[in-house]
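Observations on the model geometry
Okay, here's what each chain looks like letter by letter:
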Amino acid sequence: MEISIGQKIDIEVDNEDLTGGYKKTVIVTWYQRGFPIYVELSMNKSLFSALKKHASESKSHNSIISIYRMGRTKYVVEPAIIIVNREVNRNITRQD
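All values reported here derive from a predicted model rather than from experimental measurement.

**Some words on the overall build of the protein chain**
Counting its secondary structure elements, the protein chain contains 1 helix and 5 strands. Reading the helices (α) and strands (β) of the protein chain from amino to carboxyl end gives β-β-β-α-β-β. Out of the 96 residues belonging to the protein chain, those deemed buried represent 30%. Counting contacts in the protein chain only where the partners sit at least 6 residues apart, residues at least 24 apart contribute 51% of the total. Surface summary for the protein chain: the accessible area is close to 7200 Å², and the carbon and sulfur share equals 48%.

Encoded structure:
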């Protein structure tokens, strides 16, 4: 998966995947309309450094973040809130 200019995505990334040197791809959980999908995120060095900076400031093992690509090498990475849809079976009874 690649992020186009002007596109915004919400993902969950394991911060341990960002330790060490530059990686071209990382497996992340992408949230499409609240539903989780596992994808391989393609990265360039500027996106990797933005994600690594955010991961170094976080104390948790996973980060749920929102990435907005402003330009060719400009990314905005900020914390996100994800609402996961879950359908509940409810027996609706009607009493007349």
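**Concerning the side chain of S66**
Its place among the elements puts S66 in strand β4 (residues 62–69). Engagement of the side chain of S66 in a polar contact is seen with the side chain of D10, the distance being 3.1 Å. Excluding its chain neighbours within four sequence positions, the residues that come into contact with S66 are K8, I9, D10, V76, V77, E78, P79 and A80.

**Some points on the packing of aromatic side chains**
Overall, the coordinates contain 1 aromatic pair when judged by the stated rule. Here the guanidinium or amino end of K45 rests over the ring plane of Y22, the centre of that ring lying 5.8 Å away.

**Quick look at the sheet that holds β4**
The strands making up a sheet associate through hydrogen bonds between their backbones, and the pairing can be parallel or antiparallel. Spatially, β3-β2-β1-β4-β5 is the arrangement adopted by the 5 strands of the open sheet, whose pairing is antiparallel. Sheet topology places β3 (35–42) and β5 (75–79) at the edges, where each strand pairs with a single neighbour. Strand-to-strand twist across the sheet, computed as the mean angle between neighbouring axes with direction ignored, equals 35°. Taken strand by strand, helix α1 (residues 45–57) contacts β3, β4 and β5, and its axis lies near 25° from that of β5.

Rules of the game
- Residues numbered from 1 in each chain as written.
- Predicted model: local features only at pLDDT ≥ 70, side-chain atom pairs only at ≥ 80, totals over all residues.
- Heavy atoms only, no water.
- Helix = DSSP H or I, 4+ residues; strand = E, 2+ residues; numbered from the N terminus.
- Buried < 20%, exposed > 50% of the residue type's maximum accessible area, 1.4 Å probe, protein only.
- Contact = heavy atoms within 4.5 Å.
- Areas by Shrake-Rupley, 256 points an atom, 1.4 Å probe, with all protein chains shown as cover.
- Polar contact = N/O pair within 3.5 Å; in protein donor to acceptor, adjacent residues only side chain to side chain.
- Phe/Tyr/Trp six-rings, centres within 6.5 Å; stacked < 30°, edge-to-face > 60°.
- Lys NZ or Arg CZ within 6 Å of the ring centre and 35° of its normal.
- Pairing = 2+ DSSP bridges.
- Axes fitted to C-alpha atoms, helices over the stretch in contact; angles between N-to-C directions.

Scope: geometric values only; no functional claims are made or implied.
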